[in-house]
Amino acid sequence: MSILTIIFVDGLGYAAWLFLVAVGMTLIFGVMRILNIAHGSFYAFGAYVCAILIGRWFDAGLPSIGAYPIILFSAIVVGGLLGLLLQQGILKHLQRRDEVAIVLATFALFLILDDTILLVWGTDAYPAFQPYADLGTIDISGIPFALYDLLLIALAVVIGGSLWFLLNRTNYGKLLIAIIHDPDMARAIGVNVDRIFPTVFIIGAMLAALGGASSAPKISVAPGIGVDVIILAFAVVVIGGMGSIAGTMIGALMVGFGRAFAVYLVPELELFVIYAIMTAVLIFRPQGLFVRPAARKI
Amino acid sequence: EVPIQIGLVTHLSGAAAGPFGIPARNGAELVIDAINNGQMPAPYNTRGMAGRQIATTLLDEAGSPARIVTEVRSLVESVKPQAVIGFVTTGTCLAALPVLEELKTLTVLSTCGTPRVFEDNNFHYVFRTSANVTMDGVTAARYINNRMPELKNYAGINQNFAFGQDSWRDFNLAMKGLKPSLSVSLEQFPTVGAGQYGAEISALLSKRPEVTFSSFFGSDLEALVYQLVPRSLQRQTQLVFSTGETAMFRLGNRLPDGAIISGRGPYGVFARDTELNRWFRSAYEKRYGDEPTYTAYHAAQAVLGLKIAYDHAAEKKGGQLPDTEEVMADFRGLEYEAFGTKVRMSHDKGQQAVTESAIGVYRFDRETGRPGVTDVTYYSADCVNPPDGTKAVEWLSAGMPGAKCD
Amino acid sequence: MLEIENASVSIEGTPILRNVELTMPTGAMIGLVGRNGAGKTTTLKTLIGLLVPQSGKVRFDGADITSTSPHRRAALGIGFMPEDRRLVPDLTVRENILVPAWAMRLQDAEKRVDWIVDLIPELGPLMDRYAPQLSGGQQKLAALGRALMVGRRALLLDEPSEGVAPALAERIGEILSNLKTEGLCVLISESNDHHVADLLDDVFSIERGQVRRLEH
Amino acid sequence: MSTILNVMNLEKRFGSVSAAKNINVSVAEREIVAIIGTNGAGKTTFVNMVTGWLAPTSGDIRFLGTSIVGRRPREMTQLGLCRSFQVPQVFGSRSALENLVMAAAVAERSGLSLFSDPFTEERVTRCEMLLRDFRIGDYLHRKTAQLPQGIRKLLDIAMAMIAMPKMLLLDEPTSGVSIDEKLELMDIVMGALKAREVTVMFIEHDMEIVEKHAARVLAFFEGGIISDASPQQCFAHPTVQTHIVGEGKVSARLKKGGVQDA
Amino acid sequence: MPRSPLSVPAAATLGLIAFAAMAFVIPPNGITLLLFSMARALVVVGLLVLLRAGLVSFGQALYFALGGYTVGFLSLHFGITDGFLRVLIGALAAAALSIGLGFLLRRYRAIFFAMLSLAFSMILYGLLVRSEALGSTDGFPVGEITWFGWRPDPAMERYVLYGIVLLFAWATCLGVDAYLRSALGRLAEAIHDNEVRVEYLGVSAEQIVHVKYVLAAALAGLSGALMALVIGHVDPNMANWTNSGEMVFVLILSGTGSIFAPFVGSIAFEIIHAGAMHYSPQAWRIILGAALLGTIMFVPGGLWSLFGRFRRPA
Ligand SMILES: Nc1ncnc2c1ncn2[C@@H]1O[C@H](COP(=O)(O)OP(=O)(O)OP(=O)(O)O)[C@@H](O)[C@H]1O
Ligand SMILES: Nc1ncnc2c1ncn2[C@@H]1O[C@H](COP(=O)(O)OP(=O)(O)OP(=O)(O)O)[C@@H](O)[C@H]1O
Ligand SMILES: [Mg+2]
Ligand SMILES: [Mg+2]
């Protein structure tokens, strides 16, 4: 049925966006046990930098194709710089503190970064619509869909796939697991924890910034775009089972399809979809879809 | 000589700052400075307000209504302003007004368009110099019905919060009132700031309503436009953006030609061509490098109204500074020519203004590179506002009885 | 080979070890015995670098490694088995044993695993089970296997026979004492020295943070 | 003497691993039974099933005549069946004394007492005394997370004991406890339990202790019980000898009969 | 057991007297600040109670909003103006809902508890936003307040309210202190350390968590109800997660060392907030964030631990 096809494509598109937004948070939580609220700010910074660079690019009359690498470039720069700064400057010193303190520290960073955006870029919105508009559309089931959205789906699949492979199928991933469980013991058996933590945090920050940068052409980058992202990302991460890439992917798909269905069939429920799915998943699987085994206690 | 203290409350941060808050602040500050320097065109070219200079304290309206209540209270308790001007969003103003009333502070709402301000309360110290939101929906409905007599169905996409819901309700009721046979093909209420409208646009594309009404504003409106234009939604449905006037300069040629846009009253591109307007526009553009949009006009006319009331009251006292009650006595029922149009404080014991409204079709002039409107229609105040003493929803539901249109 | 020179250690401001002197010559098996709370674990953690002494030195082959981080010490070939096992629950026993090899990019990892299983055949059937699926004693063996992966030069074992059936504890003692002939030095902390007593070359006793060499 | 615990045809499988095979045991009131076995023989699994932590794959467990399969651990405690743990289970952020006072308060609870302050003078003194008996008087006010392994073990046993249940299962009470303390500890524990007529099963790797305190020994091997007899008979069992007790020094010392040589 | 020089009830009573006395000396905006601080401190006390069991709720705004909306609703639809009655019903409504939700939430720990509680609060938020009868995002005013039939004149009104809020705060301190010292309260803290042991002591960890959850919810309801009276207006933001976040923020700022900490932290929060708004109206959150970050990094025990350094032996 054509309506189902449309819902499917829309759901997939939203899921891809959600996944891009959430995957960095999953990674950082999975490895470092840090629930990073500043994730929303990384997202916003990525979006701002990308929008501004793209704006400059087109103001200079440069060819449209060059705008796509800018998206990746701004994500890498923003994630790299902010990630390094915050990890080395602040989070490193909080490593041994309890989770609540660390979450709140990232909350504080979020407040600071969000207002920094306001100070630096003001209250204006920055458009970067060209990459979205220029790619054109493709008809599916008689409805034009933006090719850019399909591109994001591909990007999400590539990123999800490679991260999953890295974490689950390589020794590096297993090293990460060893660190997650017990950093001290990992040190004692030869793992250089002090190098791996910043690396992971920076990659996570880059992914967050990529979420923002890749959204920039669809939206108008304005103050406050990071706030809602936090909760969405949280919810997806929790649904997936904290720290699981595959879980995040499935969580994003569930929410994406759920939302697309709601928009078509019961628009009033749109706001509740994500919470309803999260609650339903947690009721049946109290630790999310993909659960890590706990150490045997007794 | 002690200056007159004014508290200026508007969005300085958050999503409403760009489209509404900052223009409002700019508009108010521009006029306040001009008043202080006696640079306004005649007849408002007397220096100061009741001869006194005006000092302003800014307050950010962003955040929860609860926040604003504390902030307003502490503003009033610490600065003791003679008047508070501003308020864009309805949540914050509804929460703050009882406090301002309790503290006996003269308050001039510049925008805050909910009819609930006077319908649900009996304020003594509160004035509003712009018409309420009901006018948006009625104007759009009348205009569409005129232009599209064959219309059968329409859809709405509005933000999920009070303003979006109210806008849609008013428009809906007005449409039904004008032509009961119309049907609604789709109602969408995406979350404020959602940013992702792929599914909503697909739904509109597949349901094919003839008209799509939206009260989106700011970055949400821009995102919606960026996402719908490449997918050609504008070719399948007549788009109506009730606050489109605030976004047209930013969107430029991205806002599709043929979309129906309005602001709350004849402001911005719709403003009547008067000397006052020409002055305001050029001074605004010179100072801020931007075109003034309707909240800028709203704020400016609020300041102007207060000045007139003060000046009148002072005149009666022979130049002495009038007290709040005296100023209010002159403010009630005031009629004055403001920057965009005439403001008539004729409703709710003379504390609520009505104005005419304006609406038109967007057209981007490719030669000059400037946005513009065509097919502009003005509706007189009594045509698009409920008569004094009638509740907006009741009036709309009853089919807008007593409306005087010419 | 591995020695502590006049080291004092405090944890969170509480002094725990006082002026500890301890030498582990190459090819020797040393015992560190003491009551609960005497400071055995603290001594071992100081040797591996999880605790840093306030004064005094730790040396390895004569070089000062007092401020060398634990993962560098592991790279020097110092293996550590904690008293509470601390296996990674999401990994199988084989992976647990291999983690150090991955971290330090050891080339002969697989060979070494085979050698470990040869040494402790009890591990054989457990290799592909996840760590939480092992009994307490089995986990102890796996942790020992992991220490053997790292410990090419020195082994620091914290209560290796705690919770291990006597027959097996004896065998482990013999295995360890055979290892020392391969140039490895072994430090065993025991609150319960009798399984290995006869195999030790040297015994230190520890009491209230003070170490004393016992005549042997 | 009547039977307090009766285990029939108990089986437990974890996937392909058979952790308990056809276990049949019956324990009489006031009996003291030791459990020995190779590592991974299924001793802890057995205790876990009896105390409701694990559900058996099949078979029945009767405590005081009623079947307790499917009950939760807390219900078992309420019925008067308590245990200690191979890995000490204590409240890490509380002091040793607080740990024990809490355990005591809950054990003695009656109705509304949960709403009152458990730190009554009488109870605190009593707990302090017990901890001193256990040789951990030096650690009364230290957070247990910072205590040495062996001390935590002692505290764990004290917390299990203070309830003075009808039956107590101790999982390796002495492993990790240093040699001079553990013999004494077992004397104290067993003395007190005997005086209160508590039925005891304890898992133990130290054969001296087994011999000294238990009249009956269950030897576990690969999920089954291969011997259920007096210590002497049990130690003489060939499989027990090669796989559990060993031929070396321990048995040598045992044969010397020297327990006080520490 | 470390003993502080004063018992909690005695200290609370002293505090009550001191704060009441302040009404005579500080300016009106000081009273406003204290009203806010005291009313909000109550929900933070609830969070403290939860955190003692290692549970963090990012959804306490649910009960806070429920308490507030109940207060408003009672006057809007039933014409009940009595402040005391409305506050009590508000707290009870929160408690009643939490008894139900508690059956579900008590199974969860750590982040899952936090997120599930967040989900419930956001569902309420969504409902309130969609409910035009309750003013959608605009909310509605709570209306006139009387106290046992007496309506203080406007000048006095805030002082009366201040007194009432102080009394509730005082009662909360006494009640919560008794709870925390009871076996039930201590067991709940023990759950954080080791649930296995709690279970083997013969008590149900879930039931204990449930009791705790209801207590925290009742306090949140009470806090929200008082806040509604203080503000005079309720709106869906009361239920939004950012509000919950702010409550946790205040808790961390306060520290968890004492049940008085939330009061100190709450006052500090209001002062920092007011100062930040004053000195940098466009970027006040930078100051707020920096204050929080500074507290976390340099005063790990929260503001309360600064007092403790002088007052309490180890
Ligand atoms: N984190 C800590 N904070 C304070 N004191 C500590 C901490 N960790 C250990 N200690 C103290 O250090 C001392 C030595 O402890 P250690 O763990 O080294 O003993 P141990 O000899 O290994 O005992 P066991 O045989 O019981 O394992 C003990 O008195 C203990 O209380
Ligand atoms: N959750 C589980 N999944 C799979 N296998 C398990 C699980 N728990 C225990 N086993 C296996 O069941 C067997 C019995 O384990 P149990 O813990 O009962 O041994 P034990 O006799 O107590 O040994 P130890 O003396 O080492 O403590 C072991 O082979 C163990 O590997
Ligand atoms: Mg130790
Ligand atoms: Mg066991």
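Residues numbered from 1 in each chain as written. Chains lettered and ligands numbered in written order. Predicted model: local features only at pLDDT ≥ 70, side-chain atom pairs only at ≥ 80, totals over all residues. Heavy atoms only, no water.

Naming follows an unreviewed UniProt entry, where chain E appears as Branched-chain amino acid ABC transporter permease of Rhizobium chutanense. Taken from UniProt, the Subcellular location (unreviewed entry) comment for chain E reads in full: "Cell membrane". (UniProt positions renumbered as here; feature names shortened; annotations may be inferred.)

An unreviewed UniProt entry lists chain A under the name Branched-chain amino acid ABC transporter permease, from Rhizobium chutanense. Quoted verbatim from the Sequence similarities (unreviewed entry) field of the UniProt record, the comment on chain A reads "Belongs to the binding-protein-dependent transport system permease family. LivHM subfamily."

K.L.:
So, the overall build of chain E: which residues are in play, and what are the values?
P.N.:
From N to C terminus, chain E includes 13 helices and two strands. Its C-alpha atoms give chain E a radius of gyration of 19 Å, near enough to 20 Å, the size a compact globule of 314 residues would have. The principal-axis extents of the C-alpha atoms in chain E amount to approximately 55 × 40 × 40 Å. Looking at the 314 residues of chain E, the share that counts as buried comes to 64%. A fraction of 78% describes how many contacts in chain E between residues 6 or more apart in sequence connect residues 24 or more apart. Charged side chains of chain E number 18 positive and 15 negative; the gap between the two group centres comes to 10 Å. (Helix = DSSP H or I, 4+ residues; strand = E, 2+ residues; numbered from the N terminus. Rg over C-alpha atoms; globule rule 2.2 N^0.38 Å. Buried < 20%, exposed > 50% of the residue type's maximum accessible area, 1.4 Å probe, protein only. Contact = heavy atoms within 4.5 Å. Lys, Arg positive; Asp, Glu negative; His and termini not counted. Charge placed at Lys NZ, Arg CZ, Asp CG, Glu CD.)

K.L.:
Run through the overall build of chain A, naming residues and quoting values.
P.N.:
Along chain A, the regular secondary structure elements total twelve helices and four strands. Taking 2.2 N^0.38 as the reference for a compact globule, 298 residues should give roughly 19 Å; the C-alpha atoms of chain A span a radius of gyration of 19 Å, in line with that estimate. Its C-alpha atoms give chain A principal-axis dimensions of about 60 × 45 × 35 Å. Out of the 298 residues belonging to chain A, those deemed buried represent 65%. The contacts in chain A between residues at least 6 apart in sequence include a share of 77% that link residues at least 24 apart. A total accessible area of about 10,000 Å² is found for chain A, and carbon and sulfur atoms account for 70% of it. Of the side-chain charges in chain A, 15 are positive and 16 negative, and the distance between the mean point of each set is 17 Å. (Areas by Shrake-Rupley, 256 points an atom, 1.4 Å probe, with all protein chains shown as cover.)

K.L.:
Tell me what's going on with the packing of aromatic side chains, and back it up with residues and numbers.
P.N.:
This model, assessed by the stated rule, comprises 40 aromatic pairs over all chains. Pairing E:Y69 with E:F140 gives two aromatic rings, centres 5.6 Å apart and planes at 80°, and the pair type is edge-to-face. Of the two residues, E:Y69 sits in helix α3 (residues 61–78) while E:F140 sits in strand β1 (residues 140–141), which places them 71 residues apart along the sequence. For the residue pair E:Y69 and E:F140, the accessibility class agrees, reading buried in each case. A centroid spacing of 6.4 Å and a plane angle of 45° characterise the contact between E:F260 and E:W304, whose relative ring orientation is tilted. Of this pair, E:F260 sits in the loop between α10 (241–254) and α11 (261–279) while E:W304 sits in helix α13 (residues 303–311), and the two are 44 residues apart along the sequence. For the pair shown, E:F260 and E:W304 are each scored as buried. Taken together, B:Y267, B:W279, B:F280, B:Y284, B:Y288, B:Y297 and B:F339 form an aromatic cluster joined through their ring pairs. The ring of A:Y14 is capped by A:R259, whose NZ or CZ atom sits 4.5 Å from the centre of that ring. (Phe/Tyr/Trp six-rings, centres within 6.5 Å; stacked < 30°, edge-to-face > 60°. Lys NZ or Arg CZ within 6 Å of the ring centre and 35° of its normal.)

K.L.:
Outline the interface of chain A and chain C, supporting the account with residue identities and numerical values.
P.N.:
Quite often, the size of an interface is put as the accessible area lost when its parts meet. Of the residues lining the interface, 21 residues belong to chain A; the matching set on chain C comes to 26 residues. Note on chain A versus chain C: buried area summed over both sides is about 2,100 Å², and carbon and sulfur give 67% of it. Applying the counting criterion to the chain A and chain C interface returns two salt bridges. Of the charged contacts in the structure, one is a salt bridge between C:E95 and A:K174, with a shortest N-O distance of 2.6 Å. (Buried area = accessible area lost by both parts, 1.4 Å probe. Salt bridge = Lys/Arg side-chain N within 4 Å of Asp/Glu carboxyl O.)

K.L.:
Describe the UniProt feature "transmembrane region" (unreviewed entry) in chain A, with residues and values.
P.N.:
When the UniProt feature table is mapped to this numbering, "transmembrane region" (unreviewed entry) covers residues 12–35, 42–59, 65–87, 99–122, 142–167, 196–213 and 219–239 of chain A. Secondary structure within residues 219–239 of chain A divides into 71% helix and 10% strand; the distance between the first and last C-alpha atoms comes to 26 Å.

K.L.:
Would you mind going over the pattern of salt bridges in detail, with residue names and values included?
P.N.:
All told, the structure shown has 69 salt bridges over all chains when counted by the stated rule. Of the charged contacts in the structure, one is a salt bridge between E:E246 and B:R67, with a shortest N-O distance of 3.7 Å. Within this pair, whereas E:E246 is found in helix α10, its partner B:R67 is found in helix α2 (residues 65–79), the two belonging to separate chains. Judged by its relative accessible area of 9%, B:R67 falls in the buried class. B:D330 serves as the salt-bridge partner of B:K316, at 2.6 Å between the closest nitrogen and oxygen. Of this pair, B:K316 sits in helix α12 (residues 294–316) while B:D330 sits in helix α13 (residues 324–331), placing them 14 residues apart in sequence.

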